[in-house]
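Coordinate inspection notes
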Amino acid sequence: NQFYWNKPEKEFIKGMLFLNPQSYGPRIETYIKELLEFTKVKAKDNHGDLMNSIVNLFYEVKVSLLTPINESLNLVQIRLWQNNDYYICVAYDLRCISNYRKYLFLLTHDEMVEETKSATAAHGTTKSNENNENVELRFSFNCNDDDETFVRWKENYLIEDYEEIA
């Protein structure tokens, strides 16, 4: 698997531009896992994606690449019933490569519960999800300073780099 694993973050992320979200998502998650020295969590364990085994904390990872065509952080398949401690939500801004940056947000599980009060079901219809207690949610917001949610997220959840994650 030669997807720039040994490259600096910017170069690695630029390489992801050629992939669709279903392909780049797992690769970036693996990159984050390696960077943080976390372990992968099995889906059947319902604890999110990654674990910091030193302090026994669980993390769900959500990633979007911002481009001139997609300016949104898209949070899809949010499973609030899972027993995870934090959400790592990152938007890599590739709208202008010379101004590359990342927006790295760290939310507690309770904060994500609050943030998703206006979220919609990621799959199915309203009727089909009526009696389903485990509905996967989705929501998104534009990563522009004229978007209220983006501004609020920067004020409340933005961290500078991965080193700030326990």
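Use the structure listed above.
Values in this document were obtained by computation on a predicted structure and should not be read as measured data.

The rules behind the values
- Residues numbered from 1 in each chain as written.
- Predicted model: local features only at pLDDT ≥ 70, side-chain atom pairs only at ≥ 80, totals over all residues.
- Heavy atoms only, no water.
- Buried < 20%, exposed > 50% of the residue type's maximum accessible area, 1.4 Å probe, protein only.
- Helix = DSSP H or I, 4+ residues; strand = E, 2+ residues; numbered from the N terminus.
- Arc of directions from axis to C-beta.
- Contact = heavy atoms within 4.5 Å.
- Pairing = 2+ DSSP bridges.
- Axes fitted to C-alpha atoms, helices over the stretch in contact; angles between N-to-C directions.
- Phe/Tyr/Trp six-rings, centres within 6.5 Å; stacked < 30°, edge-to-face > 60°.
- Patch = residues over 30% accessible without salt bridge, like charges linked within 9 Å, V, L, I, M, F, W, Y side chains within 5 Å.
- Areas by Shrake-Rupley, 256 points an atom, 1.4 Å probe, with all protein chains shown as cover.
- Salt bridge = Lys/Arg side-chain N within 4 Å of Asp/Glu carboxyl O.
- Polar contact = N/O pair within 3.5 Å; in protein donor to acceptor, adjacent residues only side chain to side chain.

Observations concerning helix 1 (residues 9–16)
- Restricting attention to buried positions, one finds in helix 1 the residues Glu9, Phe12, Ile13, Gly15 and Met16. Here the buried residues of helix 1 occupy an arc of 155° about the axis, which is enough to place them on one side.
- In the core, the buried residues of helix 1 are packed alongside helix 2 (21–36), strand 3 (57–66), strand 5 (86–93) and strand 6 (101–108).

Here's the deal with the sheet that holds strand 4 (residues 72–78)
- As summarised here, the arrangement of the 3 strands in space is 4-8-7, forming an open sheet in which the pairing is antiparallel. Where the open sheet ends on each side, the last strands, each with one partner, are strand 4 and strand 7 (120–121).
- Against the sheet, helix 5 (residues 148–157) engages strand 4 and strand 8 (137–142), with an angle of about 95° to strand 8.

Digging into the packing of aromatic side chains
- This model, assessed by the stated rule, comprises 11 aromatic pairs.
- Three or more aromatic residues joined by ring pairs make a cluster, and in this case those are Tyr103, Phe105, Phe139, Phe141, Phe150, Trp153 and Tyr157.

Brief notes about a nonpolar patch on the surface
- On the surface, a nonpolar cluster with roughly 310 Å² of combined accessible area is contributed by Leu17, Phe18 and Ile97.
- Residue position: leucine 17 is located in the loop between helix 1 and helix 2.
- Judged by its relative accessible area of 33%, leucine 17 is partly exposed.

Notes on the sheet that holds strand 6
- If you trace the 6 strands from one edge of the open sheet to the other, you get 1-2-3-5-6-9, paired in mixed fashion. In this open sheet, the two strands that pair with only one neighbour each are strand 1 (39–40) and strand 9 (158–159).
- Here 2 bridges tie strand 1 to strand 2 (residues 50–52), and the two strands are oriented antiparallel to one another. Bridged to lysine 40 within strand 2 is leucine 50.
- On the sheet, helix 2 packs against strand 1, strand 2, strand 3 and strand 5 and is oriented at approximately 130° with respect to strand 3.

Examining unusual backbone geometry
- If you check the backbone angles, glutamate 37 has positive phi at about 60° while not being a glycine.
- Locating glutamate 37 in the fold gives a position in the loop between helix 2 and strand 1.
- According to the relative accessible area criterion, glutamate 37 is exposed, its value standing at 70%.
- Not every positive phi belongs to a glycine, and asparagine 56 is a case in point at roughly 60°.
- As for its placement among the helices and strands, asparagine 56 is situated in the loop between strand 2 and strand 3.

Considerations on the side chain of asparagine 52
- Mapped onto the secondary structure, asparagine 52 falls in strand 2.
- Within the structure, the side chain of asparagine 52 is placed 3.0 Å from the backbone nitrogen of isoleucine 54, a separation counted as a polar contact.
- Setting aside residues up to four positions removed in sequence, asparagine 52 forms contacts with Phe38, Leu57, Tyr59 and Ala166.

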